[in-house]
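A closer look at the structure
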There are 2 protein chains.
Amino acid sequence: MKEAKISPSVVRRLPIYLRHVQDLLDAGIDTVSSKEMGAKLDLNPAQIRKDLAYFGEFGRKGVGYEVEYLARKLEQILHLDQQIRVALVGVGHLGMALSNYTRFQNERITIAGLYDQDPKKMNMQVGKLRVKPLLKIEEDAKTIGFQIGIIAVPAFSAQEVCDVMIRCGIRVILNFAPSSLKVPANIHVRSTDMTTELQSLAYYISE
Amino acid sequence: MKEAKISPSVVRRLPIYLRHVQDLLDAGIDTVSSKEMGAKLDLNPAQIRKDLAYFGEFGRKGVGYEVEYLARKLEQILHLDQQIRVALVGVGHLGMALSNYTRFQNERITIAGLYDQDPKKMNMQVGKLRVKPLLKIEEDAKTIGFQIGIIAVPAFSAQEVCDVMIRCGIRVILNFAPSSLKVPANIHVRSTDMTTELQSLAYYISE
DNA sequence: TAGATTGTTAATCGATTAACAATC
DNA sequence: TAGATTGTTAATCGATTAACAATC
């Protein structure tokens, strides 16, 4: 399943395809063409076909894609057919939003550890978990085995948290702090933050 | 200030430049080169120069960019030198995170209206604001004049909220719901959601 | 002046879209 | 069979990077 080298732009569209075919599945539709998907998702049909073709021949000429099969394949590609355990550091408002947002992917993605540096938050109960000190993450990582780390702390401590995660063996990180993280080449980081999004949108307002 | 046609990729980097020069300003540094910025932000110096050059000649050959001047210019370009009033619909965990996240850009970006459809949340106090029914947004829009709308509701009602915002005269929308919104050509929408981000990252985990 | 760094043009790289043979 | 739609190659478009004259 390790394909040539799929571009990030392609990978970022896969969950969108998956979500759509899951909706179709729920609606009892069992076949869909790239043209129909494109219309719904506002994407070029050729792009959808090309994206999917990187991973195999999922469609049938003259017919389209079998919805259930495509959903299963996309789940496999995204590793969403297996349990994914996430360590979340930073239990502020955003961290809380993420924690209580459990319905990720059929609960296959679960937040399995909550950490913070603020003593006031220690042992705070959030869903089934309790907030622990950041120091505990390394110990927990050994028993739990986190696949993804989420950084939801202020910018000034993001790099520190990132370094701790990497020491824990976490190689995939989602960073919500507005800061550019420095990581070794084998670590995969995606940074996105609400402030930056909002500020860039402000460019488009016409006074 | 309406330049040719700046690509979205360029616009999305502007807040990153701004944040960096603001940090430099705080640190008392008054000149910076594209090379230094590139090293810090992990970007190609030529790209930084080219991005900035779309908007004017902000640097001095042989010297670099004057930090304070550049910060002021970037604020102007992003309209962050004027008050920006935001309408936020959906006061769930994410909406709360956004509301309490007031320190956007020197408070120049302010959430000026909070709306929800859940009767249980009506009149709830969040910071200086009270949650109002979605229906009230149109009336408020006339007096307040929102420049940006933020959608923080579940996917199934995102399109509806979007339509209401457009009817209010809002032309710039930030959508946190996992759904592809249909809007007229003159409306600017940016969609980003945590589930999709996390799912696409799952691609990179190696079992 | 010599060294540094910009703004900008040209070259490269990558991503999207069009076109179409294969085939269901 | 005729019509539809895939998978894929080629063409296009756009974004990034390299190179360098201008100049501080």
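Presented here is an overview of the structure given in this document. (Residues numbered from 1 in each chain as written. Chains lettered and ligands numbered in written order. Predicted model: local features only at pLDDT ≥ 70, side-chain atom pairs only at ≥ 80, totals over all residues. Heavy atoms only, no water.)

It takes a turn of 180° to lay chain B on chain A, together with a shift of 0.0 Å along the axis; the resulting RMSD is 0.0 Å. Both copies are brought into coincidence by an operation consistent with a two-fold rotation axis. Minimal C-alpha distance to the rotation axis in chain B is attained by Leu94(B), lying at 3.2 Å. The residues that chain B uses at the interface reappear at the interface of chain A in 100% of cases, marking a shared surface. (Least-squares fit on C-alpha atoms with pLDDT ≥ 70 in both. Contact = heavy atoms within 4.5 Å.)

Take unusual backbone geometry next. Residues and elements named next belong to chain A. Of note, His 79 is a non-glycine position whose phi angle comes to about 60°, a positive value. Within the element layout of this structure, His 79 appears in the loop between helix H4 (67-77) and strand E4 (84-89). For His 79, a relative accessible area of 6% puts it in the buried group. Positive phi, close to 70°, is recorded for Asn 123, a residue that is not glycine. When you line up the elements, Asn 123 lands in the loop between strand E5 (109-116) and strand E6 (125-126). (Helix = DSSP H or I, 4+ residues; strand = E, 2+ residues; numbered from the N terminus. Buried < 20%, exposed > 50% of the residue type's maximum accessible area, 1.4 Å probe, protein only.)

Right, let's talk about the state of the cysteines for a bit. Applying the stated rule across the entire model yields 0 disulfides over all chains. With no disulfide of its own, Cys168(A) has Cys162(A) as its nearest cysteine by sulfur position, at a separation of 11 Å. (Disulfide = S-S within 2.5 Å.)

Attention shifts here to the packing of helix H1 (residues 8-26) of chain B against helix H2 (residues 34-41) of chain B. All names here are of chain B. Following both chains from N to C, one finds H1 and H2 inclined at 105°, their axes separated by 11 Å at the closest point. Here H1 is positioned roughly perpendicular relative to H2, judged by the angle of their axes. On H2, the residues that touch Ile 16, Tyr 17, His 20 and Val 21 of H1 are Met 37, Lys 40 and Leu 41. Residues that form the contact of H1 with H2 fall into these classes: 5 nonpolar, 1 polar and 1 charged. (Axes fitted to C-alpha atoms, helices over the stretch in contact; angles between N-to-C directions. Parallel < 35°, antiparallel > 145°, perpendicular 65-115°, else oblique. Nonpolar A, V, L, I, M, F, W, Y, C, P; charged D, E, K, R; others polar.)

What follows is about the protein's contact with DNA strand D. Neighbouring DNA strand D are 24 residues; Ser34(A), Arg49(A), Gly59(A), Gly62(A) and Tyr65(A) lie closest to it. Side-chain polar atom of Arg49(B) to a base nitrogen of DNA strand D: 3.2 Å apart, as the coordinates give it. Taken together, the elements giving at least two residues each to the surface near DNA strand D come down to helix H3 (45-53), strand E2 (59-60) and strand E3 (64-66) of chain A together with H1 and helix H3 (45-53) of chain B. Partitioning the surface near DNA strand D into residue classes produces 4 nonpolar, 10 polar and 10 charged. (Near = heavy atom within 4 Å. Polar contact = N/O pair within 3.5 Å; in protein donor to acceptor, adjacent residues only side chain to side chain.)

A complete count under the given rule lists 16 salt bridges over all chains for this structure. A salt bridge links Glu139(A) to Lys136(A); its shortest N-O distance comes to 3.3 Å. Taken together, the residues span about one helical turn, with Glu139(A) and Lys136(A) both in helix H6 (residues 136-144) at a distance of 3 residues. For Glu139(A), a relative accessible area of 47% translates into the label partly exposed. Using a relative accessible area of 29% as the deciding quantity, one classes Lys136(A) as partly exposed. With a shortest N-O distance of 2.6 Å, Arg190(B) and Glu197(A) are connected by a salt bridge. Of the two residues, Arg190(B) sits in strand E10 (residues 188-191) while Glu197(A) sits in helix H8 (residues 194-202), which places them in two different chains. Salt bridges linked by common partners bring Arg12(A), Arg190(A) and Glu197(B) together as one network. (Salt bridge = Lys/Arg side-chain N within 4 Å of Asp/Glu carboxyl O.)

Another aspect to go through is the protein's contact with DNA strand C. Near DNA strand C there are 24 residues, and of these Gln47(A), Ser34(B), Arg49(B), Gly59(B) and Tyr65(B) occur at the shortest range. Near the protein, within 4 Å, the atoms of DNA strand C are sugar or phosphate in 63% of cases. Contact between DNA strand C and Asn44(A): a phosphate oxygen at 3.4 Å from a side-chain N or O atom of the residue. One of the backbone nitrogen or oxygen atoms of Gly59(B) is found 2.9 Å away from a phosphate oxygen of DNA strand C. Looking at the surface near DNA strand C, the elements with two or more residues in it are helix H1 (8-26) and H3 of chain A together with H3, strand E2 (59-60) and strand E3 (64-66) of chain B. With 4 residues, H3(A) is the single largest residue contributor to the surface near DNA strand C. Tallied by class, the residues present in the surface near DNA strand C amount to 4 nonpolar, 10 polar and 10 charged.

Before going further, it helps to spend a moment on the sheet that holds E3(B). Residue and element names in this part refer to chain B. Strand order in the open sheet formed by 3 strands is E1-E3-E2, with antiparallel pairing between adjacent strands. Each edge of the sheet is formed by a strand with only one pairing partner; in this case those strands are strand E1 (31-32) and E2. Sheet topology note: the E2/E3 ladder contains 2 bridges and is antiparallel. In the strand pairing of E3, Arg 60 is matched with Gly 64. (Pairing = 2+ DSSP bridges.)

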